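These are the residues of each chain, in order.
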Amino acid sequence: MHKKKIASVTLLATAALLTACGQNKGASSSKQVMKTAVTGEISTLDSSKYGDTISSETLQNSMEGLYRFDKKGQARLAGAVKVTKSKDQKVYTFTLRKNAKWSNGDPVTAQDYVIAWRRTVDPKNDSLDSDSYQVIKNGTDIVAGKKKVSSLGIKALGKYKLQVTLENPIQYLPDLLTGAQFYPQDTKIVKKYGSSYGTSSSKLVYNGPFTVSQWTGSNLKWTLKKNKTYWNAKSVSLSAVKVQVIKTTSTGLNLYKGGQLDYAPVDSDYVKQYEKNADYHTKTTPTNGYMVFNLKRKTTGNVHVRRAIILGVNKQELVKTVLHSGKAAQGFVASDFIYDENGKDYRTSAGKLMTYNLKQAQKEWALAKKQLGSKSKITIELLTSDMDASKRVGEYLQSNLMENLPGLTVKLRSIPLKSRLADTTAHKFDMVYGTWQPSFQDPIDYLTIGGLFNLETDYKNKNFWKQINLAKTTYANQPAKRQAALVAAEKQLVQKDAFTAPLYQAGVSYLLNSKVKGFRLSPYGTVAYYWDVKIK
């Protein structure tokens, strides 16, 4: 963080690339092949086990569920052609496409959805997205080991007829079902590969616009190839997307300059240099940058420690000096994303929670040290992934917190994303920094999933769970009361108990070859969609 000479050289080199990048003609313009970069590796292609953005992006381009987002960001039927709902709005019956096939030629059947969904909720699989199934009948009890997997509210009524039963009526089901955790899986292939399903690109088959090849399970390059068996293959122009992991922005920019990439993420350190470039694009997303604390450890299990840390981070400065895009968090639920029936932003109703307040942070810190045995010095480890952007945020948090909270030492541990996810789930951390993008436009996604590792097992506040339950059940069809319950739950989680530290609402910036048309990001974050892309 403090190697100013090295940083200065890097910035000067980047500035020198600015003009050249605008001249990128693209190595792939003569063919319908796009060359693109991502900032991290795939952790798995098993839609029952993934928990990271890169795996999600790969799955969303190679698989298809009951719904898919259209060009306007609206959820439309995709793997299904028809849906009917019961009078109580709890039972959905889907008619599947009879022309939908897997890349090995197998038909996509209702049973493929049943086996996939059951695998995701099965506690034996330790799915990072099983919380998404709380809305499906018996989903919560199955994940908790209280009911059999076979009791999940999904049933094959025939080869192409699927019935889904909810715990309570919800308005956001189509958005939710676009998520990769609700994709089908070829029953034959799952049985064939067992626990190794999805551990490499050859150990599964695909029913989406592309197939994945050349991913061995740990390598940093792979290819999305046009899926000839996809029911709507005629609408897909690209023959391939060549993907490679670029962990340092300067490497990606050099490749873009040389025409070896058509798309390259622009890291926060380079936004100022590229914001006026013709190939530069940016937008604020509903993606959260945040920290979660390990409640099982003595130091971070102390609520005053957690409050001091949340209040002691200068979030505005983080955005301004490190990220250069996005905005400081006002709470855990994003602003300008979720609106009530009157068009009012949820964040306006919920207010600003735990924004930077140094005076209050130091009061909480004094209380924390007293409760921990009048300690004058406290050491806390901050876990991050080893991606360049994550490490930079980690370094800022380390410096800022050590400056603002006397006697605090923050030690950084940066490891590969896959390991970071595993260590977080296994409670091998004090506090962890990460980002999380929502799956649907409702506060409950943030408050019950939200990247909140170990929430169900570790966080026992009765009022929080009471408010969440009211929002899911009693107030399910009463919007005003439901929102009030969700606001109360957020205040309990963030303001009173400081389970999580919201830091910022992420911006996303990238360079895109002007010859690439139809490229877009998901409505919820940084997942790139390639099926509408055409290279002119």
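Computed from a predicted structure; not experimentally measured.

This part takes up the packing of aromatic side chains. In the structure shown here, the tally under the stated rule is 19 aromatic pairs. Here the aromatic rings of Y92 and F94 are separated by 6.3 Å at their centres, their planes lie at 20 degrees, and the arrangement is stacked. According to the relative accessible area criterion, Y92 is buried, its value standing at 5%. Taking 5.9 Å as the distance between ring centres and 55 degrees as the angle between the ring planes, the aromatic pair formed by F519 and Y530 counts as tilted.

This paragraph deals with the sheet that holds strand 7 (residues 161-165). The strand order across the open sheet built from four strands is 4-5-7-6, with neighbouring strands paired in antiparallel fashion. With partners counted over all chains shown, the strands left at the sheet margins are strand 4 (80-85) and strand 6 (154-158), one partner each. The mean angle between the axes of side-by-side strands here comes to 25 degrees, regardless of whether they run parallel or antiparallel. As judged from the five bridges shared by strand 4 and strand 5 (residues 91-96), these two strands associate in the antiparallel manner. Across the sheet, the residue bridging to K85 is Y92, located in strand 5. Strands strand 5, strand 6 and strand 7 of the sheet are contacted by helix 3 (residues 110-121), whose axis makes an angle of about 165 degrees with strand 6.

Among the 14 residues in strand 12 (residues 280-293), ten count as buried, and that is most of the element. Sheet analysis places strand 12 next to strand 17 (residues 500-512), joined by ten bridges and oriented antiparallel. Counted as the bridge partner of Y290 is P502 from strand 17. Where strand 12 and strand 16 (residues 431-436) come together, six bridges link them in antiparallel fashion.

Now for the pattern of salt bridges. Counting across every chain of the model gives 18 salt bridges. Across the pair D141 and K147 runs a salt bridge, and its minimum N-O distance is 3.7 Å. With its nearest N and O atoms 3.1 Å apart, the salt bridge here joins R392 to D388. Linking R392 with D388, this pair stays in helix 13 (residues 388-404), spanning four residues, or about one helical turn. On the basis of relative accessibility, which here comes to 22%, the residue D388 falls in the partly exposed class. Taken together, the salt bridges that share partners define one network made up of E41, K247 and D386.

So, on to the environment of S200. Relative to the elements of secondary structure, S200 occurs in the loop between helix 6 (187-193) and strand 8 (210-213). A relative accessible area of 8% means that S200 is categorised as buried. Put simply, S200 and S218 are 18 residues apart on the chain and 8.3 Å apart in space, counted from C-alpha to C-alpha. Contacts of S200, omitting those with residues within four sequence positions, involve W215, T216 and G217.

What follows deals with unusual backbone geometry. Here Q89, not a glycine, exhibits a phi torsion of approximately 65 degrees, which is positive. If you trace the backbone, Q89 turns up in the loop between strand 4 and strand 5. Unusually for a residue other than glycine, H427 sits at a positive phi of about 65 degrees. Mapped onto the fold, H427 is located in the loop between helix 14 (417-425) and strand 16.

So, about helix 12 (residues 358-371). Note that an α-helix has 3.6 residues per turn; residues three or four places apart therefore point the same way. The end-to-end C-alpha separation of helix 12 is 20 Å, in line with the 20 Å expected for 14 residues at 1.5 Å each. Among the residues making up helix 12, those that are buried are A361, E364, W365, A368 and K369. Considered in projection along helix 12, the buried side chains sweep an arc of 140 degrees and stay on one side of the axis. Opposite the buried face of helix 12, at more than 90 degrees from it, the exposed residues are K359, K370 and Q371. The inward-facing, buried residues of helix 12 abut helix 9 (303-312), strand 14 (378-385) and strand 15 (408-415).

Looking now at the nonpolar core. Counting residues in hydrophobic clusters, the biggest one holds 150 residues, and the most contacted among them are M34, L66, F94, W117, M291, F519 and Y530. Contacts of W117, omitting those with residues within four sequence positions, involve L66, Y133, I136, L152, I154, V164, L177, F182 and Y183. In this structure, L255, V266, Y274 and Y280 belong to the second largest nonpolar core, which totals 13 residues.

Packing of helix 17 (residues 462-472) against helix 18 (residues 479-496) brings their axes to within 8 Å, and their N-to-C directions diverge by 155 degrees. Relative to helix 18, the element helix 17 is oriented roughly antiparallel. Our pair here, helix 17 against helix 18, has a crossing hand that is left-handed. Contacts between helix 17 and helix 18 pair N463, F464, Q467, I468, L470 and A471 from the former with R482, A485, L486, A488, A489, Q492 and L493 from the latter. Its residues placed into classes, the contact of helix 17 with helix 18 shows nine nonpolar, three polar and one charged.

Criteria and cut-off values
Residues numbered from 1 in each chain as written. Predicted model: local features only at pLDDT ≥ 70, side-chain atom pairs only at ≥ 80, totals over all residues. Heavy atoms only, no water. Phe/Tyr/Trp six-rings, centres within 6.5 Å; stacked < 30°, edge-to-face > 60°. Buried < 20%, exposed > 50% of the residue type's maximum accessible area, 1.4 Å probe, protein only. Pairing = 2+ DSSP bridges. Helix = DSSP H or I, 4+ residues; strand = E, 2+ residues; numbered from the N terminus. Axes fitted to C-alpha atoms, helices over the stretch in contact; angles between N-to-C directions. Contact = heavy atoms within 4.5 Å. Salt bridge = Lys/Arg side-chain N within 4 Å of Asp/Glu carboxyl O. Expected span 1.5 Å × (residues − 1). Arc of directions from axis to C-beta. Core = buried A, V, L, I, M, F, W, Y, C linked by side-chain atoms within 4.5 Å. Parallel < 35°, antiparallel > 145°, perpendicular 65-115°, else oblique. Left-handed = near helix turned anticlockwise from the far one by under 90°. Nonpolar A, V, L, I, M, F, W, Y, C, P; charged D, E, K, R; others polar.

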